[in-house]
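If you want the building blocks of each chain, they are given just below.
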Amino acid sequence: MTNPMKRGGALRHIVDSKDLSVAETEALLRLADDIIARPGDYAGACAGSGGEARKKLATLFYEPSTRTRLSFEAAMLDLGGGVLGFSSADSSSAVKGESVADTVRVVSGYADVIAMRHPKEGAPVVAAKHALVPVINAGDGGHNHPTQTLTDLMTIRRELGTLEGLTVGLCGDLKFGRTVHSLVSAMVRYPGVRFVLISPRELRAPDYVLNMIRESPGCDYVECLNMDEAMARLDVLYMTRVQKERFFNEADYVRLKDSFILDTPKLRGAKPEMIVMHPLPRVNEISARVDENPHARYFQQAAYGKFVRMALILTLLNLGKGGAVL
Ligand code: CP
């Protein structure tokens, strides 16, 4: 089988969720399913054999993370590879003024693939231009978070059986929430997806996100200010945190942070099969009581993240079962 990630032998980087075609996304999700079903078949895929060094992942995180960084590292360790990196700009030579371009050029000599998170939108584009190994955007500012989107698509597909014809409620900070922007850009490629955009007026989705939906035949959206009026229509309710770190003004954050709080009474009107997702971390926007509710899937969603990142690493490195080429 040819590697779906190689185009004409060129190095592939994943900066935006649209960098993966629908067919490539489907192949990754199927590979992630297979890794869950047969983990032993993949345990040595990055371990190196026949005198070849084991593969290494560098995690360059200029911004805090729990799930993304640790699931990337767990993914590489479960594949038999090694990990190195930094978890804050303060512990790297960025504090001395080193550029992203120089950093990734240097790290390309130490690692086979780079996962990078950066507060500035567009930093992964710069990294991809200068790296000599594949770069994966692990979240850039308010722009994109493609591996969270793969995690989200995997969750929806496994829990609901399809990515088509769904009504997806996106609730909370739709202005700064990169996971929302990234998920919309991926899901508008599936027929019949309807978005219900639930946010305070100040945190509406940006025009470029609305335009992506308008320009996608078969998809549409409505905007609303109230979670209750949307609940009965939804197949997915995707809650998000108000992004404190992107606000210029603390008073605005404090005023808006508790705009939407999901609790169990609010779920009474939901379809029985509706799933509640959240990229996490959560603050107040989902009551802890919802965790045990049958609609809740956000911890399962976080768990899927490791498997889809294993699939992405294998595919970008052109490795399959036991080190075989895919
Ligand atoms: N969902 C997500 O990106 O979580 P972290 O910020 O903990 O990586």
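Everything discussed here concerns the structure shown above.
Residues numbered from 1 in each chain as written. Predicted model: local features only at pLDDT ≥ 70, side-chain atom pairs only at ≥ 80, totals over all residues. Heavy atoms only, no water.

**Some points on helix H7 (residues 207–214)**
What counts is decided by this rule: Throughout, exposure labels follow a simple rule: accessible area from a 1.4 Å probe, protein chains only, divided by the maximum for the residue type, with under 20% read as buried, over 50% as exposed, and the rest as partly exposed. Helix and strand assignments come from DSSP, with helices taken as H or I runs of at least 4 residues and strands as E runs of at least 2, each series counted from the N terminus. The directions considered for the arc run from the helix axis to the C-beta atoms. By definition, residues are in contact when any of their heavy atoms lie within 4.5 Å.
Of the positions making up H7, those classed as buried are Val209, Leu210, Met212 and Ile213. Projected onto a plane normal to the axis of H7, the buried residues spread over an arc of 155 degrees and lie on a single side. Here the buried face of H7 lies against helix H6 (178–187), strand S6 (194–198) and strand S7 (220–224).

**Notes on the layout of surface pockets**
Convention followed: Method remark: on a 1 Å grid restricted to protein atoms, a set of points is classed as a cavity if a 1.4 Å probe fits but cannot get out and as a pocket if it is open with protein on both sides within 12 Å along at least five of seven lines; lining residues have an atom within 4 Å of a point. Grid points are joined across faces, edges and corners, and a volume is the space filled by probe spheres set on the points. Each residue is assigned to one of three groups, with Ala, Val, Leu, Ile, Met, Phe, Trp, Tyr, Cys and Pro labelled nonpolar, Asp, Glu, Lys and Arg labelled charged, and all others, Gly among them, labelled polar.
Taken as a whole, the largest pocket spans an internal volume of roughly 400 Å³. Every residue lining the largest pocket is counted, 21 residues in all, and those nearest its centre are Arg117, Arg178, Arg241, Leu280 and Pro281. Elements that contribute at least two residues to the lining of the largest pocket include exactly helix H2 (67–78) and H6. Among the residues making up the lining of the largest pocket, the classes are represented as four nonpolar, ten polar and seven charged.

**A short note on the nonpolar core**
What counts, and what does not: Definition of nonpolar core: a set of buried residues of the types Ala, Val, Leu, Ile, Met, Phe, Trp, Tyr and Cys, connected through side-chain atoms within 4.5 Å.
Ranked by size, the top nonpolar core spans 60 residues in total, and within it Leu170, Val184, Met187, Phe195 and Leu314 carry the most contacts. With nine residues, helix H10 (residues 298–316) is the largest single contributor of residues to this core. Excluding residues that lie within four positions of it along the chain, leucine 170 makes contacts with Val180, Leu183, Val184, Phe195, Val196, Leu197, Ile198 and Tyr238.

**A few points about the packing of aromatic side chains**
Going by this rule: Here a Phe, Tyr or Trp ring, Trp counted by its six-membered ring, pairs with any other such ring whose centre lies within 6.5 Å, and the pair is stacked when the planes are under 30 degrees apart, edge-to-face when over 60, and tilted otherwise. Here, a charge over a ring means that NZ of Lys or CZ of Arg falls within 6 Å of the ring centre while also lying within 35 degrees of the ring normal.
This structure, assessed with the given rule, holds two aromatic pairs. Ring centres 5.2 Å apart and planes at 85 degrees place the aromatic pair tyrosine 62 and phenylalanine 86 in the edge-to-face group. Taken together, the positions of tyrosine 62 in the loop between strand S1 (56–61) and H2 and phenylalanine 86 in strand S2 (residues 82–86) put the pair 24 residues apart, joining distant regions of the chain. Of the two residues, tyrosine 62 and phenylalanine 86, neither departs from the other in class, the shared state being buried. In this structure, arginine 309 is placed above the aromatic ring of phenylalanine 72, and the distance from its NZ or CZ to the ring centre is 5.2 Å.

**Topic: the pattern of salt bridges**
Side chains carrying opposite charge are able to pair once their charged atoms draw close together. This is how it is decided: Whenever Lys or Arg places a side-chain nitrogen within 4 Å of a carboxyl oxygen from Asp or Glu, that contact is recorded as a salt bridge.
By the definition in use, this model includes 15 salt bridges. Note that glutamate 26 and arginine 157 form a salt bridge whose closest N and O atoms lie 2.9 Å from each other. Highlighted residues: glutamate 26 in helix H1 (residues 22–37) and arginine 157 in helix H5 (residues 146–160), separated in sequence by 131 residues. For glutamate 26, a relative accessible area of 27% translates into the label partly exposed. A salt bridge links aspartate 235 to lysine 271, with the shortest nitrogen-to-oxygen separation between them at 2.8 Å. Of the two residues, aspartate 235 sits in the loop between helix H8 (227–230) and strand S8 (236–239) while lysine 271 sits in the loop between helix H9 (250–256) and strand S9 (275–277), which places them 36 residues apart along the sequence. Accessibility expressed as a relative area gives 12% for aspartate 235, which makes it buried. Among the charged side chains, a salt-bridge network with shared partners connects Glu26, Arg30, Asp33, Arg157 and Arg158.

**Re the sheet that holds S9**
Two modes of strand pairing occur in sheets, parallel and antiparallel, and in both the strands are linked by backbone hydrogen bonds. Rules: Any two strands are treated as partners once DSSP identifies two or more bridges connecting them. Fitted lines through C-alpha atoms serve as axes, helices being fitted only where they are in contact, and the angles separating the N-to-C directions of these axes extend from 0 to 180 degrees.
Across the sheet, which stays open at both edges, the five strands sit in the order S7-S6-S5-S8-S9 with parallel pairing between neighbours. Each end of this open sheet is capped by a strand with a single partner; those strands are S7 and S9. Looking at each pair of strands side by side, their axes are set apart by 20 degrees on average, direction ignored. Bridging between strand S5 (residues 167–171) and S6 involves five bridges; their strand directions are parallel. If you follow threonine 167 over to S6, its bridge partner there is arginine 194. Against the sheet, H5 touches S8 and S9, its axis set at about 165 degrees to S9. Against the sheet, H6 engages S5, S6 and S8, with an angle of about 165 degrees to S5.

Everything listed here is a matter of geometry and, on its own, says nothing about what the molecule does.
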